[in-house]
Amino acid sequence: MMADTPMVNLTIEGHAVSVPAGTSILEAAKTAGVLIPHYCYHPSLPVAGVCRMCLVEVEKAPKLLPSCATAVAEGQVVHVYSEQALEARKGVLELLLINHPLDCPICDQAGECELQDYTFAEGRQDSRYREPKRFDPVEDFGGDVMYVGNRCILCTRCVRFMEDVHHDPVIEVQDRGDRARIGKAPDNDLTQAWAANVVDLCPVGALLSKDFLNKARAWELDRTASVCNGCSQGCNTVVETRDNVVMRYKPRANDAVNKHFMCDEGRLNYAWLNRPDRITWPHAAGAVTGWEEAIGAAAATLKGKRAHVVVNASLSNETLFALKQLIAKTGGAGYFSVVQGPEAPLPGVADLAVRADRAANATGAELLGFTRTDAPLATLGAGDTLVLVDVALGDHDKDAAARAGAVVVIGTAETQVLAGAAAVLPMTNYVEEEGTFTNLRGRVQRYLQAKATTGAARPAWYILSDVLAALGDGTEYFTASATFDALAKAEPAFGGLSYDTLGLRGATVQRATVTA
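First, a word on what this report is: a plain description of the structure on this page. Just so we're clear, the structure is a prediction, and the values are computed from it rather than from any experiment.

**Examining the nonpolar core**
- Core analysis: the biggest nonpolar cluster contains 57 residues, and Tyr39, Phe161, Ile171, Leu190, Val198, Tyr249 and Phe261 have the highest contact counts within it.
- At the level of elements, helix 2 (83-97), helix 3 (114-122), strand 7 (145-148), helix 4 (157-165), helix 5 (197-201) and strand 13 (245-251) are the ones that each hand at least two residues to this core.
- Of all the elements, helix 4 adds the most residues to this core, at five residues.
- Excluding residues that lie within four positions of it along the chain, Phe261 makes contacts with Ser44, Phe161, Val165, Trp194, Asn197, Leu201, Cys235, Pro251, Leu346, Val349 and Leu352.
- In terms of nonpolar packing, the next biggest core, distinct from the first, is built from 55 residues, Leu302, Ile327, Ala423 and Ala480 among them.

What follows is the structure, given as structure tokens:
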């Protein structure tokens, strides 16, 4: 907020509030802990004022005012729960429910539906409507989106998103009056890169995800703050799990990174987190062992040898820091490659796109001294110990790996194991641990553990701490936060950062690497 922005003082439900000029009453009320019911309003969309649900009483105003479209004024006194405002919102709810089916027991939105919530809080206890309800068939909108017209309240959030944010207006309000519905343009589907955000924006169960359809109830899900690892943008997400299985991703608001949105590719890229072919137990010399024996075998293989480390560019900063220490200990080198894909910007949001780098932490890897290359095994020398960390080699690379004197695998899946590896150490995937990524703008962001691990897998930074200890390095890390503190102390770019200062919004490194 600019220092010269004038502040406006007003009273909302008896609470004195001071907010910048131009703030809507609805947003001002949030600072007082008052949530004014609303449907069409969304902070990342243009104001429409069509649902009339956010009506409030403002003293000396001749009528109720829509709080989403009314700016604050000096000395205003706002009543959200006055008899007049409550009666008006009760009437709006009654109108919205006239043709709304009693689908709550079978609706995917049940438990997180704003129509349910506000009807329970402020609606009528019974219905006065006795006529048959209107019926509209379910329609496939393409992509991951299904439209259930019976439940639609015509808030137009989806229309405004596609028109004003995605800049691809393929859906609109068709017809008028009681026949009005959302329709899509002929020969057009919601297959755009960011189209599935309309499902998150829908306040009721009218727009549904086909991927999530009938999979779980909202109250069965555990929700954890995380970061998408699908590309270098680093969109903030919520990982939702049930019975230790990832069920879906949803975007988490962060104005500095992704507003309220995430791309379709990222939101549907979670099945691999539930893959059955996990490395579950440590191995040494091809046999299942305990952790102590496997760590000892890895350390013996590395002792006196040059470590040639190849990493996945979506490893956490904490793991990369531990690997940097291993590289320094053995006089080795670290490399990574990044899968490339087409960029797909969201036109209505500055600096938000599906990035060409399909990896979460390439910037972090470069800041910590790893070399980006398309041929990570090109400099592998005869007799070097090859350390693969969450990397699956192709056939050509497997031939090159034969030059190594020995191989140590730290991985998540059986496909990453090379025959004859001296040690195989099972690591957690990123939803089974906590850590940080650094996005392409140098913003360091935390992700939290969303589910329990499989078998005896451990976070890679923890495994490497034990390996370093076995090699005679006295430093041991027992928590991710302690590892990050050591990283921030050792690396000038990360100086001054900690889990506390990062919070769940992140912070930028000292030398922010800006990637085109």
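Don't stop here, the text continues.
**Focus: helix 8 (residues 317-330)**
- The end-to-end C-alpha distance of helix 8 is 20 Å, a good match for the 20 Å that 14 residues give at a rise of 1.5 Å each.
- For helix 8, a buried count of eleven out of 14 residues is recorded, marking the element as mostly surrounded by other parts of the structure.
- Turning to helix 8, its buried residues are Asn317, Glu318, Thr319, Leu320, Phe321, Ala322, Leu323, Gln325, Leu326, Ile327 and Thr330.
- Gly331 sits one or two positions beyond helix 8 and adopts a positive phi of about 70°.

**What to know about helix 12 (residues 480-490)**
- Residues of helix 12 that are buried: Ala480, Thr483, Phe484, Leu487 and Ala488. Each buried residue of helix 12 lies within a common arc of 140° when the element is viewed along its axis, so the set occupies one face.

**So, the sheet that holds strand 25 (residues 443-447)**
- A sheet is described by the order of its strands in space; here three strands give the open sequence 24-25-26, paired in antiparallel fashion. Of all strands in the sheet, those bounded by a partner on one side alone are strand 24 (435-438) and strand 26 (507-508).
- As paired strands, strand 24 and strand 25 are joined by four bridges and run antiparallel to one another. Looking at strand 25, one finds that Gly435 is bridged to Tyr447.
- Lying on the sheet, helix 8 is in contact with strand 24 and strand 25; it crosses strand 24 at an angle near 90°.

**Some points on the packing of aromatic side chains**
- Overall, the coordinates contain twelve aromatic pairs when judged by the stated rule.
- Judged by centre distance (5.5 Å) and plane angle (65°), the rings of Tyr39 and Tyr118 are edge-to-face. Taken together, the residues span a long stretch of sequence, with Tyr39 in the loop between helix 1 (25-31) and strand 3 (55-58) and Tyr118 in helix 3 at a distance of 79 residues. Residue Tyr39 shares its accessibility class with Tyr118, and that shared class is buried.
- Ring geometry for Phe484 versus Tyr499: centroids 5.5 Å apart, planes at 45°, classification tilted.

**Some details on the packing of helix 7 (residues 291-302) against helix 11 (residues 460-470)**
- Axis separation between helix 7 and helix 11 bottoms out at 9 Å; the angle between their running directions is 60°. As far as their axial angle goes, helix 11 and helix 7 are oblique. Crossing of helix 7 against helix 11: the hand is right-handed. Across from Trp291, Ile295, Ala298, Ala299 and Leu302 in helix 7, the residues of helix 11 making contact are Ile463, Asp466, Val467 and Ala470.
- A class-by-class count of the residues in the contact of helix 7 with helix 11 yields eight nonpolar, no polar and one charged.

Criteria and cut-off values
Residues numbered from 1 in each chain as written. Predicted model: local features only at pLDDT ≥ 70, side-chain atom pairs only at ≥ 80, totals over all residues. Heavy atoms only, no water. Core = buried A, V, L, I, M, F, W, Y, C linked by side-chain atoms within 4.5 Å. Buried < 20%, exposed > 50% of the residue type's maximum accessible area, 1.4 Å probe, protein only. Helix = DSSP H or I, 4+ residues; strand = E, 2+ residues; numbered from the N terminus. Contact = heavy atoms within 4.5 Å. Expected span 1.5 Å × (residues − 1). Arc of directions from axis to C-beta. Pairing = 2+ DSSP bridges. Axes fitted to C-alpha atoms, helices over the stretch in contact; angles between N-to-C directions. Phe/Tyr/Trp six-rings, centres within 6.5 Å; stacked < 30°, edge-to-face > 60°. Parallel < 35°, antiparallel > 145°, perpendicular 65-115°, else oblique. Left-handed = near helix turned anticlockwise from the far one by under 90°. Nonpolar A, V, L, I, M, F, W, Y, C, P; charged D, E, K, R; others polar.

These figures capture arrangement, not role.
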